[in-house]
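Structural overview
Take a look at the letters that make up each chain.
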2 protein chains.
Amino acid sequence: MATIDKPLLQRQTVTAMVAEYIAARIIGGDYPGGHQIRQEAIAAELGVSRIPVREALLQLEADGLVVIRTHRGAVVSELSADDAIDLFDARLLLEPFLVEKAIGHVTDQDIAAIEKSMRAYEAAIARGDDPKDLSRLNWAFHTALLEPSMRPRSMAVVQALYNSADRYLRLQIEPAKARAKALQEHRELFEAYRRKDIAETARLLRKHIADAAGEIVSQLRRSETAA
Amino acid sequence: MATIDKPLLQRQTVTAMVAEYIAARIIGGDYPGGHQIRQEAIAAELGVSRIPVREALLQLEADGLVVIRTHRGAVVSELSADDAIDLFDARLLLEPFLVEKAIGHVTDQDIAAIEKSMRAYEAAIARGDDPKDLSRLNWAFHTALLEPSMRPRSMAVVQALYNSADRYLRLQIEPAKARAKALQEHRELFEAYRRKDIAETARLLRKHIADAAGEIVSQLRRSETAA
DNA sequence: TATTGTATGATTGGATCCAATCATACAATA
DNA sequence: TATTGTATGATTGGATCCAATCATACAATA
């Protein structure tokens, strides 16, 4: 498979588990923008010391989920229309580029993995799985599309962007409708990808991201002017 | 000024100082790719405990300067032609885009700041300042060009890329020649930028990055096939 | 001789504790 | 009454210490 080998079993440190926990709370909206994250509160909640909490917060800062100020602690980063544009424009540059490179290197095994990933998302929507699982499968599909590009550095950037993008997607008023549209677009993307139609795949991916961004930004603009 | 306000005085934590120290050692080539960074060794060297060293290493991992494996510590990430392509292609996507957005928002004050930044680089080259300072001024110019885009998220990505790009630039066989070329290109970039010629500035910036990337990649390819 | 098991020191991950900083309320002063 | 100074609890940053894991050398076994 033309993808990056990842370790088959990787031990989870307490730091990694805490990072996942806090990230899930932020992405899920339990901790909204501006929310102060107290190290001691998280530590007590999870039954660990403050050290892994602090180390987790440093990682989340790198992902743009929190902002840390010296001696003042971590605050969940604020969402805004401007930030969404910043974020989705970066995705609009990187993802179509990576998908073009990916198609150049893709193997049949990769394509099988992508199809499997697409079907898993489809099945999860049909079952009405919870938003967290649906998000995970959505990003897994995007990752599977881009992974054969063999660009681990750019992939790491894109992965970080997904975490923040997820926060915006979860804000959508009509998530079911958005997901149905996304799934249909995933099917079209996969068809073009399977044919190795580079230009068409890139075009569809650009539209896929731009449409979602457009929805989110206009919704945010409405709420921002209302406020 | 249409740029992001940064705090006038920000306290340095020990963690931040350690991160700067290790980053400088990696970028300067003292710690080459594959070098094991021992927490205790750095701690002893700087007269601090291992806690800030570990936290610094986490930040450097996010920047792609080190790779951390659970219970095995941090290793300086390896440089390669493939990685250089990955890195410089990402810059080639993001920077020209950001410079276009920047010109759209730029103020006279910004332009004055950019000119000052360009002249500082020029003067440092004329004085024969050490590579570390020359690098800092080079990136400061690039940052000044892009900053008026008001895209803090994309800017953070680009800043992280600069750290790794610097490792490659320091490898160049003829740094003086490369810097003279870069300076000349900076002048042309600045002229187009000042005229607010968006297309020409983007074109020049693309060429500026692509030329440097081309040099570095072909040099790496030569040494990789030689080995 | 090649492979597997075991012991030991080195190293990392995490808990606990102390010092420094921050936020807040309240007192003092003009 | 508005501003400045001071005291106190809350919180973070960092040092020290302990437990878990890893790497290595060496012994045991087929």
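Figured I'd write up the structure that's included with this text. (Residues numbered from 1 in each chain as written. Chains lettered and ligands numbered in written order. Predicted model: local features only at pLDDT ≥ 70, side-chain atom pairs only at ≥ 80, totals over all residues. Heavy atoms only, no water.)

**Re the interface of chain A and chain B**
Rule in force here: Throughout, a residue-residue contact means that at least one pair of heavy atoms, one from each residue, lies within 4.5 Å. The term buried area denotes the loss of accessible surface (1.4 Å probe radius) that occurs when two parts are joined, taken as the sum for both partners. The rule for a salt bridge is simple: a side-chain nitrogen of Lys or Arg has to be within 4 Å of a carboxyl oxygen of Asp or Glu. Pairs of N or O atoms are called polar contacts if they sit within 3.5 Å, as long as, within protein, a hydrogen donor faces a hydrogen acceptor (for residues adjacent in sequence, only side-chain-to-side-chain pairs). Counting from the N terminus, the helices are the DSSP runs of H or I reaching at least four residues and the strands are the DSSP runs of E reaching at least two.
Each partner contributes residues to the interface: chain A has 27 residues there, and chain B has 27 residues. Taken together, both faces of the contact between chain A and chain B bury some 2,500 Å²; the carbon and sulfur share is 57%. Contact with chain B buries area across many residues of chain A, yet Asp 86, Leu 93 and Arg 153 of chain A alone supply 29% of it, more than any other trio. Counting across the chain A and chain B interface gives 6 salt bridges. Between Arg 153 of chain B and Asp 83 of chain A there is a salt bridge, and its shortest N-O distance comes to 2.8 Å. At the boundary of chain A with chain B, the tally comes to 14 residue pairs in polar contact (both at pLDDT 80 or more). Residue assignment for the side of chain A that touches chain B shows that the elements contributing at least two residues are helix H3 (50-62), helix H4 (81-105) and helix H7 (152-169) of chain A. When residues in the side of chain A that touches chain B are grouped by element, the largest group, 9 residues, is from H4 of chain A.

**Remarks on the packing of helix H1 (residues 14-27) of chain B against helix H3 (residues 50-62) of chain B**
All names here are of chain B. Selection criterion: A fitted line through C-alpha atoms represents every axis, and for helices the fit uses only the stretch in contact; the resulting angles, taken between N-to-C directions, go from 0 to 180 degrees. Angles are sorted into four bins: roughly parallel if under 35 degrees, roughly antiparallel if over 145, roughly perpendicular if 65 to 115, and oblique for all others. By convention the crossing between two helices is left-handed if the near helix lies anticlockwise of the far one by an angle smaller than a right angle, and right-handed if it lies clockwise. Note on residue categories: nonpolar means Ala, Val, Leu, Ile, Met, Phe, Trp, Tyr, Cys or Pro, charged means Asp, Glu, Lys or Arg, and polar means any other residue, Gly included.
It is at 8 Å that the axes of H1 and H3 come closest, and there the two elements cross at 55 degrees. Classified by the angle between their axes, H1 and H3 sit oblique to one another. Taken as a pair, H1 and H3 cross one another with a handedness that is right-handed. Between H1, through Val 14, Thr 15, Val 18, Ala 19, Ile 22 and Ala 23, and H3, the contact on the second element is made entirely by Pro 52, Val 53, Glu 55, Ala 56, Leu 57, Gln 59 and Leu 60. Tallied by class, residues from the contact of H1 with H3 come to 10 nonpolar, 2 polar and 1 charged.

**With respect to the sheet that holds strand S2 (residues 66-69) of chain B**
Residue and element names in this part refer to chain B. Keep this limit in mind: A pair of strands is considered paired only if DSSP assigns at least 2 bridges between the two.
Taken in spatial order, the 3 strands make up an open sheet running S1-S3-S2, and their pairing is antiparallel. Each edge of the open sheet carries a strand with a single partner, namely strand S1 (36-37) and S2. Judged from the 4 bridges that link them, S2 and strand S3 (residues 73-76) form a sheet pairing that is antiparallel. Within S3, the residue paired with Arg 69 across the bridge is Gly 73.

**Some thoughts on the packing of aromatic side chains**
Residues and elements named next belong to chain A. Heads up, the rule is: Only centres within 6.5 Å qualify two rings of Phe, Tyr or Trp (six-membered ring in Trp) as a pair; their planes then separate them into stacked at under 30 degrees, edge-to-face at over 60, and tilted for everything else.
In this structure the tally under the stated criterion is 4 aromatic pairs over all chains. Look at Phe 88 and Tyr 168: their rings are 6.4 Å apart centre to centre, the planes differ by 65 degrees, and that puts the pair in the edge-to-face class. Linking Phe 88 in helix H4 with Tyr 168 in helix H7, this pair joins segments that are 80 residues apart in sequence.

**Quick word on the nonpolar core**
Stated precisely, the cut-off is as follows: Side-chain atoms within 4.5 Å are what join buried Ala, Val, Leu, Ile, Met, Phe, Trp, Tyr and Cys residues into a set we call a nonpolar core. Buried residues are those whose accessible area, probed at 1.4 Å on protein chains only, stays under 20% of the maximum for their type, while exposed residues exceed 50% and partly exposed ones sit between those limits.
The biggest cluster of nonpolar side chains holds 83 residues, and the ones touching the most others in it are Phe 88, Leu 146 and Tyr 193 of chain A together with Phe 88, Leu 146 and Tyr 193 of chain B. Broken down by element, the residue count for this core peaks at 13 residues, all from H4 of chain A. The residues touching Phe 88 of chain A, leaving out its near neighbours within four places in the chain, are Ala 165, Tyr 168, Ile 209, Ala 213 and Ile 216 of chain A.

**Points about the pattern of salt bridges**
Enumeration over the complete set of coordinates arrives at 40 salt bridges over all chains. In this structure, the salt-bridge partner of Arg 54 of chain A is Glu 55 of chain B, at a minimum N-O distance of 3.0 Å. Here the residue Arg 54 of chain A occupies a position in helix H3, and Glu 55 of chain B occupies one in helix H3, the pair thus bridging two chains. Among the ionic contacts, a cluster of salt bridges with common partners joins Glu 115, Arg 119, Glu 122, Arg 187, Glu 191 and Arg 194 of chain A.

**Some words on the protein's contact with DNA strand D**
Put simply, the test is: Being near a molecule or strand, for a residue, comes down to having at least one heavy atom within 4 Å of it.
Near DNA strand D you find 20 residues, and of these Arg 38, Arg 50 and Arg 54 of chain A together with Val 14 and Ser 49 of chain B are the closest. Here, DNA strand D places atoms within 4 Å of the protein, and 71% of those atoms are sugar or phosphate. Residue His 71 of chain B places a side-chain N or O atom 3.5 Å away from a sugar or linking oxygen belonging to DNA strand D. Elements that contribute at least two residues to the surface near DNA strand D include exactly H3 of chain A together with H1 and H3 of chain B. Partitioned by chemical class, the residues of the surface near DNA strand D number 6 nonpolar, 8 polar and 6 charged.

**Focus on the sheet that holds strand S2 (residues 66-69) of chain A**
All names here are of chain A. The strand order across the open sheet formed by 3 strands is S1-S3-S2, and the pairing between neighbours is antiparallel. Two strands close off the open sheet at either side, each with one partner strand: strand S1 (36-37) and S2. Bridge count for S1 against strand S3 (residues 73-76) is 2 bridges, and the pairing is antiparallel. Within S3, the position partnered with Ile 37 by the bridge is Ala 74. Along the sheet, H3 contacts S1, S2 and S3; its crossing angle with S2, the most-contacted strand, is approximately 120 degrees.

**Considerations on empty space enclosed by the protein**
If you roll a probe as big as a water molecule over the atoms, it shows you where there is empty space left. Residue and element names in this part refer to chain B. Convention followed: Here the term cavity refers to a set of points on a 1 Å grid, laid over the protein atoms alone, in which a 1.4 Å probe fits but cannot get out; the term pocket refers to an open set having protein on both sides within 12 Å along at least five of seven lines, with lining residues being those that place an atom within 4 Å of a point. Grid points are joined across faces, edges and corners, and a volume is the space filled by probe spheres set on the points.
Tallied over the full model, the rule gives 1 cavity of 30 Å³ or more. Within this model, the largest cavity holds a volume of roughly 40 Å³. Lining the largest cavity, in full, are Tyr 168, Leu 171, Gln 172, Ile 216, Gln 219 and Leu 220. In terms of residue count, the dominant contributor to the lining of the largest cavity is helix H9 (residues 198-226) (3 residues). Residue composition of the lining of the largest cavity, by class: 4 nonpolar, 2 polar and no charged.

**Focus: the side chain of Ser 149 of chain A**
Residue and element names in this part refer to chain A. Within the element layout of this structure, Ser 149 appears in the loop between helix H6 (131-146) and H7. A distance of 2.7 Å separates a polar atom in the side chain of Ser 149 from the backbone oxygen of Leu 146. With residues up to four places along the chain from it excluded, the contact list for Ser 149 reads Leu 98, Lys 101, Ala 102, His 105 and Met 155.

**Concerning H7 of chain A**
Residue and element names in this part refer to chain A. Under the convention used in this document: How far a helix is expected to stretch is found by multiplying one less than its residue total by 1.5 Å. Across the chain, bend at a residue is computed as the angle between axes fitted to the seven residues ending at that point and the seven starting from it.
For H7, spanning 18 residues, the distance from its first C-alpha to its last is 25 Å, which sits close to the expected 26 Å at 1.5 Å a residue. A bend of about 25 degrees at Asn 163 is the largest found in H7. For H7, the tally of buried residues reaches 14 of 18 residues, placing the bulk of the element in the interior.

**Overview of the protein's contact with DNA strand C**
Close to DNA strand C lie 20 residues; Val 14 and Ser 49 of chain A together with Arg 38, Arg 50 and Arg 54 of chain B are nearest. One of the side-chain N or O atoms of Thr 15 of chain A is found 2.9 Å from a phosphate oxygen in DNA strand C. Elements with a contribution of two residues or more to the surface near DNA strand C: helix H1 (14-27) and H3 of chain A together with H3 of chain B. Here the residues of the surface near DNA strand C are counted per class, giving 6 nonpolar, 8 polar and 6 charged.

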